[in-house]
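Analysis of the macromolecular model
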Amino acid sequence: MGILNLCALVGSLTAGKTSDVIGRRYTIALSSVIFLVGSVVMGYGPNYAVLMVGRCIAGVGVGFALMIAPVYSAEIASASHRGFLTSLPELCISLGILLGYVSNYCFGKLALKLGWRLMLGLAAIPSMILAFGILKMPESPRWLVMQGRLEEAKKIMVLISNTEEEAEERFRDILAAAEIEEDGAVKAVGRGVWRELVINPTPAVRLILIAALGIHFFEHATGIEAVVLYSPKIFEKAGVTSKDKLLLATVGVGLTKAVLIVIATFLLDKVGRRKLLLTSTGGMVFASTSLAIGLTMVHRFGRLVWALRLSIVSAYTFVAFFSIGLGPITWVYSSEIFPLRLRAQGASIGVAVNRIMNATVYEFSDNYEDDHDGRCVLHVRWNRGCSVVVLLLYVAGDERSAIGRD
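Throughout, a residue's number is its position along its own chain's written sequence, starting from 1. Local features in this predicted model are restricted to residues of pLDDT 70 or higher, and side-chain atom pairs are both shown and tallied only at a pLDDT of 80 or more, whereas totals for entire chains, interfaces and linings draw on every residue. Hydrogens and waters are ignored; side-chain quantities use all the structure's heavy atoms.

1. Structural notes on the overall build of the protein chain
Secondary structure elements are taken from DSSP: a helix is a run of H or I of four residues or more, a strand is a run of E of two residues or more, and numbering for both begins at the N terminus. Assigned secondary structure in the protein chain consists of 20 helices and zero strands. Within the protein chain, buried positions represent 51% of all 406 residues. Every residue pair with non-hydrogen atoms within 4.5 Å of one another is taken to be in contact. Across the protein chain, every contact between residues at least 6 apart in sequence was considered, and the portion connecting residues at least 24 apart equals 81%. Exposure categories follow from relative accessible area, calculated using a 1.4 Å probe and restricted to protein chains: below 20% of the type maximum is buried, above 50% is exposed, and the middle band is partly exposed.

Pasting the structure below:
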């Protein structure tokens, strides 16, 4: 996990500039090819060194994909459906986790030499499908506008809109966001972006950057990685010792995550980002605290029936509240909030923070694996504190910036 996230960090920081130069569509194709190569190398893996090389290559592809998928979805979607489409990458991640649980169980019954190779190598198949499939998709009209290719952008806008009137209105919105006239010159994309975004930002851009990086930071700082990755150990501590029951409980976590994200995709554009995020983080505060209490009671006083049930229900509740709000909204919000010119590279910085926190939480939780008391105290204080910060951060936010920014 550590080496994958480290390389994903490199990939995400590179992807922003790459997508500004070659376009969103070809960046998605490039990420698919990189991940395909990494999967093949891992599946082949004659020794540990080659396996790690494949892991690094795959990590770069993960970084590219995590950055470009939400940006492409946000730029090609209409404002009324942007929340739904931009949250789909998070849904696919959840489905991938669920399929990973199931496939690992199936491949685990094969011979060891063959089983782990199939687990890693078969990831090349969806990468190949995406690499060819994206070539049939249109380029982002917003990227085309920033390149000065206005006629191409107009044609694509007609393809992705319900009516010509809607296409014309959306096209005018893009021109306004890009601050150009229909026949005006366009500043070269990518030049001076880092200066405008990081080195010498305006007060408005600075606040946008803080909000985007903050929500990526707290997505993982709330501890979702620890709950999802260590769910078998959580259930085992809660008294579920049968291998089949542990598998069923773990698959249930993945299924819960996927189902709740599906529900969230339909609520994002109707309910609004802030209401869902407030509900999500509030529920996570309650669930993380009750989970730590339940596990502590089991550890100190044995197999108390109420504590066992509380621990299992709390783990599922924590995942459910994360999936209904903070999980999908992180990607939607950070893809919408940046101005058009800064969007790709701003999003790439957000993904970099996301990967750093992913690796940090994983390693931090791993250090507490054998320290039950320390892990429970950490779970209460860390998750509750981070969730409260997210609440305060977003209460101060402007719902209009989260409803669908053009």
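Now, onward.
2. Section: the packing of aromatic side chains
Where two aromatic rings form a pair, the distance of their centres and the angle of their planes describe that pair. Side-chain rings of Phe, Tyr and Trp, where Trp is taken by its six-membered ring, are said to pair if the distance between their centres is within 6.5 Å; with planes under 30 degrees apart they count as stacked, over 60 as edge-to-face, and otherwise as tilted. Under the criterion given, the structure shown has one aromatic pair. Criterion for a charge above a ring: Arg CZ or Lys NZ at most 6 Å from the ring centre, at most 35 degrees from the ring normal. Here the guanidinium or amino end of Arg 25 rests over the ring plane of Tyr 26, the centre of that ring lying 4.9 Å away.

3. A few points about the environment of Ile 224
For Ile 224, the position within the fold is in helix 13 (residues 224-229). Sequence separation between Ile 224 and Tyr 362 is 138 residues; the distance between their C-alpha atoms is 9.7 Å. Setting aside its immediate chain neighbours within four residues, Ile 224 contacts Glu 219, Phe 318, Val 319 and Phe 322.

4. A word on the pattern of salt bridges
Definition used for salt bridges: Asp or Glu carboxyl oxygen within 4 Å of a side-chain nitrogen of Lys or Arg. Applying the stated criterion across every chain yields a total of six salt bridges. Between Arg 149 and Glu 152 there is a salt bridge, with the nearest N and O atoms lying 2.9 Å from each other. Residue classification places Arg 149 among the partly exposed positions, given a relative accessible area of 35%. Since its relative accessible area comes to 38%, Glu 152 is described here as partly exposed. Of the charged contacts, one joins Arg 170 and Glu 166 as a salt bridge, the two residues approaching to 4.0 Å between their closest N and O atoms. On the criterion of helical spacing, the pair formed by Arg 170 and Glu 166 is a turn pair, its members being four residues apart in helix 10 (residues 164-178). Look at Glu 166 and you get partly exposed, because its relative accessible area is 22%. Via salt bridges that share partners, Asp 20, Arg 24, Glu 75 and Arg 343 belong to a single interconnected network.

5. Focus: the packing of helix 2 (residues 24-44) against helix 3 (residues 48-76)
Direction vectors running N to C along helix 2 and helix 3 enclose 155 degrees, while the axes themselves pass 7 Å from each other. Compared by their axis directions, helix 2 and helix 3 come out roughly antiparallel. Helix 2 and helix 3 meet at a crossing whose hand is left-handed. Partitioned by chemical class, the residues of the contact of helix 2 with helix 3 number 19 nonpolar, five polar and three charged. Axis definition: a line fitted to C-alpha atoms, limited for helices to the stretch in contact. Angles are taken between N-to-C directions and run from 0 to 180 degrees. For classification purposes, an angle smaller than 35 degrees is called roughly parallel, one larger than 145 roughly antiparallel, one from 65 to 115 roughly perpendicular, and anything else oblique. Crossings are classed by handedness, with left-handed meaning an anticlockwise turn of the near helix from the far one by less than a right angle and right-handed meaning a clockwise turn. Put simply, Ala, Val, Leu, Ile, Met, Phe, Trp, Tyr, Cys and Pro go in the nonpolar bin, Asp, Glu, Lys and Arg in the charged bin, and everything else, Gly too, in the polar bin.

6. Observations regarding the packing of helix 12 (residues 203-221) against helix 17 (residues 305-336)
Axis separation between helix 12 and helix 17 bottoms out at 9 Å; the angle between their running directions is 145 degrees. The element helix 12 and its partner helix 17 pack so that their crossing is left-handed. Residues Ala 211, Ala 212, Ile 215, His 216, Phe 218 and Glu 219 of helix 12 touch helix 17, and the partners they reach there are Phe 322, Leu 326, Gly 327, Ile 329, Thr 330, Trp 331, Tyr 333 and Ser 334. When grouped by side-chain class, the residues that make up the contact of helix 12 with helix 17 number nine nonpolar, four polar and one charged.

7. Re helix 2
Any helix carries an expected span of 1.5 Å times its number of residues minus one. Taking 1.5 Å as the rise per residue, helix 2 with 21 residues should run 30 Å; its terminal C-alpha atoms sit 31 Å apart, in good agreement. When helix 2 is considered as a whole, its buried residues turn out to be Arg 24, Arg 25, Thr 27, Ile 28, Ala 29, Ser 31, Ser 32, Ile 34, Gly 38, Ser 39, Met 42 and Gly 43.

8. Digging into the nonpolar core
By size, the foremost hydrophobic cluster in this structure holds 40 residues, and its most contacted members are Leu 197, Phe 235, Ile 329, Ile 337 and Phe 338. Broken down by secondary-structure element, the contributors of at least two residues to this core are helix 11 (193-199), helix 12, helix 13, helix 14 (231-237), helix 15 (243-271), helix 16 (273-301) and helix 17. Among the buried residues, those of types Ala, Val, Leu, Ile, Met, Phe, Trp, Tyr and Cys that are joined through side-chain atoms within 4.5 Å form a nonpolar core. Leu 4, Leu 51, Val 71 and Ala 347 belong to the second-largest nonpolar core, a separate cluster that totals 22 residues.

9. So, helix 12
Relative to the 27 Å expected for 19 residues at 1.5 Å per residue, helix 12 spans 26 Å between its end C-alpha atoms, a close match to the ideal helical length. Residues Val 205, Ile 208, Leu 209, Ala 211, Ala 212, Gly 214, Ile 215, His 216, Phe 218, Glu 219, His 220 and Ala 221 constitute the buried set of helix 12. Immediately downstream of helix 12, the backbone of Gly 223 shows phi near 95 degrees, a positive value.

10. Some remarks on the environment of Leu 4
With respect to the secondary-structure elements, Leu 4 resides in helix 1 (residues 2-22). Residue contacts for Leu 4: discarding those within four places in its chain leaves Arg 55, Ala 58, Gly 59 and Val 62.

11. Regarding a nonpolar patch on the surface
Like charges within 9 Å and nonpolar side chains (Val, Leu, Ile, Met, Phe, Trp, Tyr) within 5 Å are joined into patches, using only residues over 30% in relative accessible area that form no salt bridge. The protein chains shown are the only cover counted for residues, whose accessible areas, like all others here, come from Shrake-Rupley with a 1.4 Å probe. A cluster of nonpolar side chains, contributed by Val 21, Ile 22, Tyr 26, Leu 30, Met 128, Phe 132 and Leu 135, occupies part of the molecular surface with about 640 Å² of accessible area. When residues of the nonpolar patch are traced back to their parent elements, those giving at least two are helix 1, helix 2 and helix 7 (124-133). Secondary-structure assignment places Val 21 in helix 1.

12. Some thoughts on empty space enclosed by the protein
Over the atoms, a rolling probe the size of a water molecule traces out where space has been left empty. With a 1 Å grid laid over protein atoms only, a set of points is called a cavity when a 1.4 Å probe fits there but cannot get out and a pocket when it is open yet has protein on both sides within 12 Å along at least five of seven lines; lining residues have an atom within 4 Å of a point. Grid points are joined across faces, edges and corners, and a volume is the space filled by probe spheres set on the points. Summed over the entire model, instances satisfying the criterion amount to one cavity of 30 Å³ or more. Here the largest cavity defines a volume of roughly 30 Å³. Listing elements by their share of the lining of the largest cavity, those giving two or more residues are helix 3, helix 17 and helix 18 (343-367).

13. Focus on the state of the cysteines
By convention in this document, the label disulfide applies to cysteine sulfur atom pairs within 2.5 Å. According to the stated counting rule, one finds zero disulfides in the structure shown. Counting only cysteine sulfurs, Cys 56 is the nearest neighbor of Cys 7, a cysteine outside any disulfide, at a range of 3.4 Å. When its relative accessible area of 11% is taken as the criterion, Cys 7 is described as buried.

14. Let's talk about the confidence of the model for the protein chain
The predicted model of the protein chain averages 78 in pLDDT, with 83% of residues at 70 or higher. Think of pLDDT as the predictor's per-residue confidence, scored from 0 to 100. No element of the protein chain has a lower mean pLDDT than helix 20 (residues 399-403), which averages 43, and none a higher one than helix 2, which averages 90. In the model, residues 398-406 has pLDDT below 50 throughout and makes 29 contacts with residues more than four positions away in sequence or in other chains.

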